[in-house]
Amino acid sequence: MELEACCDVEVDINGEETFMINKNILTTFCRKFSNLFGNLVGEKVRLKLIFNDFPGGSHGFELVARLCYCYSTSSSMSMELLSPTNVALLCSAADFLEIESMEAPSLKPHVEKFLQGIRFWTWCELLEALKQCQGLFCSKSYSYSAIVERMIVDQLIERVAFPRIIASPFACSSDRSSFQFSCDSSSINNSNCSSVDSSSWWFEDLVFLKIGLVDKVIRAMISHDFDHAIVSKFLFYYHKSNSLGDAAEAEKIETTKVVINLLSMLQVRSIPCKDLFDLNRIATSLKISRCCRNEIEKLIGALLDQATIDYLILPSPNGMNHAYDVDFVLRVMHTFFFGGSAELTSNNRLKRVVKMLHLFLLEVAPDLHLKPCEFEALIRVVPDAARESHDQLYIAMDIYLKVHAGISDHEKMRICSTLKHEKLSAEAVRHLSRNLAFPLETKPRLNVNRQSRMKSLLQENDHLKSFFDSMFLKSFKNIIIDVKEDAEKRTILYDGDEGIHNSGTQLASLKKTENHTLSLSNAAVYYLPKFCS
């Protein structure tokens, strides 16, 4: 009977548990109860109250009820009510019942004093406090509860960034929480150093978070200038752990959307390209909205130079007859070349992407269902200046025109008009001149090209001819001069001999000298043609 007299309100909390309480005590400290039972204070009426969305469920209501009874008996709060595992829960329940708006002893200074020691909490206590935050502040942003949540998240980020600054941060007090994490002493003691040294030691411990809280944690990391490369790795790790499990499809879709939105906030060069392609594949299978898929395709397009041809060989979407997803390749290629994120001044990046597209053209050219306009779009998506050689392009055109021999001449001309003959090798030019699959209109352009090449060769030959002619004439003149000098020397020597041995007959000596001079001259005449030949 005394219990019935003291407890005159029956409270059903989310269908989990029913509490018998005194309405006078709760109406004194809780504005929500005051608004409900203010006119019934002092009356002996049995009432029943049902809550379907009480934060923290029955445990949260029990905490706030104990707080109110504590206020009614001692006008102060016992610090024993607060612990790392319930501080967030208590603040959320107190906000829900609007305790701080009444003229009761304030909960705020006690919580602030308690949170001053948050940097000395163990890693597992932080995780338990973070677990309690899940679902408490989703429906509405309560004032002080949100502040407590941010303090817990900030401390978690600091512990992740600087795991060694707190003495024994991994010690876990099992008596305070029955919730066990991978960082428990049973696993940490074996690999403490290796876990701290690795930048991903905390990934597994945060996989339990719901996507709503992950969104808040990652946004806080970005605002604190956390390493974007590590953040992106965690997002892919989290998505893989939660999207491959037994979660409902709606939950997988929501997780994928949030991960894509968070990735778009990071520096694009810090995101692994291969993981983006895997994420796109999952997003396609889940039929994510076009808006989200556009976001991930923008990221892929900006990193296309890091991809390989295997990444682009994606099966065609349902309802399409193509062998491969040509539209996807067109979109990401367009993003790379015209999206403004690509550093088109980097020749190496351009060469890799152009080479990859040419390989893709070779893959799709035999596809019987590939329309001429689609094949032409694949060719034209690359700026003409980005192609150094058209040999691979010519081979792809050759395959496509032979497989699709039935297309119109107009369509053939549109495809072939992108081919630049001056960028073809000599072997490709010879093959094209005999290729019947190409329209005849392309051949005059080829002949002009060949004429220009012949003209340049002739000009080179003329230059060489004039060079060798000048060299030959110079040598020839030098030879004639040498022969004449030799003849003159012999004439002088002969004249000297005749003067010594026969000085009496000067006329006979002169005649002999003339005869020998003529014979030497004749010898020179007969000798030069022989040398020249």
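All of these numbers come straight from a predicted model, not from anything done at the bench. (Residues numbered from 1 in each chain as written. Predicted model: local features only at pLDDT ≥ 70, side-chain atom pairs only at ≥ 80, totals over all residues. Heavy atoms only, no water.)

A look at the nonpolar core
Residues Phe-33, Phe-61, Trp-202, Leu-263, Leu-304, Met-333 and Phe-375 are the most contacted members of the largest nonpolar core, which totals 137 residues. Not counting chain neighbours up to four residues away, the residues in contact with Phe-375 comprise Leu-361, Ala-365, Leu-370, Ala-396, Met-397, Tyr-400 and Ile-415. (Core = buried A, V, L, I, M, F, W, Y, C linked by side-chain atoms within 4.5 Å. Buried < 20%, exposed > 50% of the residue type's maximum accessible area, 1.4 Å probe, protein only. Contact = heavy atoms within 4.5 Å.)

Description of the sheet that holds strand β3 (residues 47-51)
Strand order in the open sheet made by the three strands is β2-β1-β3, with mixed pairing throughout. Each having just a single partner strand, β2 (17-21) and β3 make up the two edges of the open sheet. Averaged over all neighbouring strand pairs, the angle between strand axes comes to 20°, with direction disregarded. Bridge analysis of strand β1 (residues 9-13) against β3 gives five bridges, and the strand direction is parallel. What sits directly across from Val-11, in β3, is Leu-49. (Pairing = 2+ DSSP bridges. Helix = DSSP H or I, 4+ residues; strand = E, 2+ residues; numbered from the N terminus. Axes fitted to C-alpha atoms, helices over the stretch in contact; angles between N-to-C directions.)

Side note on the packing of helix α12 (residues 228-243) against helix α13 (residues 249-263)
The contact between α12 and α13 brings their axes to 10 Å, and the two run at 175°. Classed by the angle they form, the pair α12 and α13 counts as roughly antiparallel. For the pair α12 and α13, the contacting residues are Ser-232, Leu-235, Phe-236, Tyr-238, His-239, Asn-242 and Ser-243 in the first and Lys-252, Thr-255, Thr-256, Val-259, Leu-262 and Leu-263 in the second. Partitioning the contact of α12 with α13 into residue classes produces six nonpolar, six polar and one charged. (Parallel < 35°, antiparallel > 145°, perpendicular 65-115°, else oblique. Nonpolar A, V, L, I, M, F, W, Y, C, P; charged D, E, K, R; others polar.)

Description of the environment of Trp-121
By the secondary structure assignment, Trp-121 is in the loop between α6 (108-115) and α7 (123-133). Other than its neighbours up to four places away in sequence, Trp-121 contacts Pro-84, Val-87, Phe-114, Leu-115, Leu-126, Ala-129 and Arg-159.

Things to note about the pattern of salt bridges
Taken as a whole and judged by the stated rule, the model has 12 salt bridges. Taking the shortest distance from any N to any O, the salt bridge between Arg-269 and Asp-305 comes out at 3.5 Å. Of this pair, Arg-269 sits in the loop between α13 and α14 (273-285) while Asp-305 is found in the loop between α15 (290-302) and α16 (309-312), placing the two residues 36 residues apart along the sequence. Of the charged contacts in the structure, one is a salt bridge between Arg-331 and Glu-297, with a shortest N-O distance of 2.8 Å. Taken together, the residues span a long stretch of sequence, with Arg-331 in helix α17 (residues 326-338) and Glu-297 in helix α15 at a distance of 34 residues. Residue Arg-331 is classed as partly exposed on the basis of its relative accessible area of 29%. Glu-297 sits in the buried class, given a relative accessible area of 4%. (Salt bridge = Lys/Arg side-chain N within 4 Å of Asp/Glu carboxyl O.)

Some points on the packing of aromatic side chains
Applying the stated criterion across every chain, the model contains 20 aromatic pairs. Between Phe-19 and Phe-61, the ring centres sit 5.1 Å apart and the planes meet at 50°, which makes this aromatic pair tilted. Of this pair, Phe-19 sits in strand β2 while Phe-61 sits in helix α4 (residues 57-74); the two residues are 42 residues apart in sequence, bridging distant segments of the chain. Phe-19 sits in the buried class, given a relative accessible area of 13%. Among the aromatic residues, those joined into a cluster by ring pairs are Phe-19, Phe-33, Phe-51, Phe-54, Phe-61 and Phe-96. (Phe/Tyr/Trp six-rings, centres within 6.5 Å; stacked < 30°, edge-to-face > 60°.)

Concerning the side chain of Arg-293
Locating Arg-293 in the fold gives a position in helix α15. Of the side chains with opposite charge, Glu-297 comes closest to the buried, unpaired Arg-293, at an N-O distance of 4.4 Å. (Lys, Arg positive; Asp, Glu negative; His and termini not counted.)

As for α12
Compared with the 22 Å implied by 1.5 Å per residue over 16 residues, the 22 Å span of α12 between its first and last C-alpha is a close match. Residues His-228, Ile-230, Val-231, Ser-232, Phe-234, Leu-235, Phe-236, Tyr-238, His-239 and Ser-243 constitute the buried set of α12. On its buried face, α12 sits against α11 (211-223), α13 and α14. Of the residues flanking the start of α12, the one acting as N-cap is Asp-227, its side-chain oxygen 3.1 Å from the backbone nitrogen of Ala-229. (Expected span 1.5 Å × (residues − 1). Polar contact = N/O pair within 3.5 Å; in protein donor to acceptor, adjacent residues only side chain to side chain.)

A short note on the pairing of β1
Of all five residues making up β1, four are buried, and the element is well covered by its neighbours. When β1 meets β2, the two strands line up antiparallel, connected through five bridges. Bridge assignment links Glu-10 to a residue of β2, and that residue is Met-20. Counting the residues that bridge the hairpin from β1 to β2 gives three residues, and of these Asn-14 lies at a positive phi of roughly 55°.

Structural notes on the environment of Leu-47
With respect to the helices and strands, the residue Leu-47 is situated in strand β3. Look at Leu-47 and you get buried, because its relative accessible area is 18%. Along the chain, Leu-47 and Asp-8 lie 39 residues apart, while their C-alpha atoms are 6.5 Å from each other.

Some thoughts on the layout of surface pockets
Considered as a void within the structure, the largest pocket measures approximately 210 Å³ in volume. Lining the largest pocket are Phe-277, Asn-280, Arg-281, Thr-284, Ser-285, Arg-293, Leu-314, Pro-315, Ser-316, Pro-317, Asp-325 and Phe-328. Per-element accounting of the lining of the largest pocket gives the leading share, five residues, to α14. A per-class count over the lining of the largest pocket returns five nonpolar, four polar and three charged. (1 Å grid on protein atoms, 1.4 Å probe; cavity = no way out; pocket = protein on both sides within 12 Å on 5 of 7 lines; lining within 4 Å. Points joined across faces, edges and corners; volume = space filled by probe spheres on them.)

Some words on α13
The end-to-end C-alpha distance of α13 is 21 Å, a good match for the 21 Å that 15 residues give at a rise of 1.5 Å each. Elements that come into contact with the buried residues of α13 comprise α11, α12, α14 and α15.

Details of unusual backbone geometry
A positive phi angle is found at Asn-14, which is not glycine, with a value near 55°. Summarising the element assignment, Asn-14 is placed in the loop between β1 and β2. For Asn-14, a relative accessible area of 24% corresponds to the partly exposed category. Positive phi is not limited to glycine here, since Lys-287 has a value of about 60°. In this structure, Lys-287 sits in the loop between α14 and α15. A relative accessible area of 73% places Lys-287 in the exposed class.

Quick word on the confidence of the model for the protein
Looking at the protein as a whole, its pLDDT mean stands at 77, while 68% of the residues score no less than 70. Every residue in residues 167-197 scores below 50 in pLDDT, and together they form 45 contacts with partners more than four places removed in sequence or on other chains. Low pLDDT (under 50) marks residues 496-533, which in the prediction has 19 contacts with non-local residues, meaning those over four places away or in another chain. (pLDDT = per-residue confidence, 0-100.)

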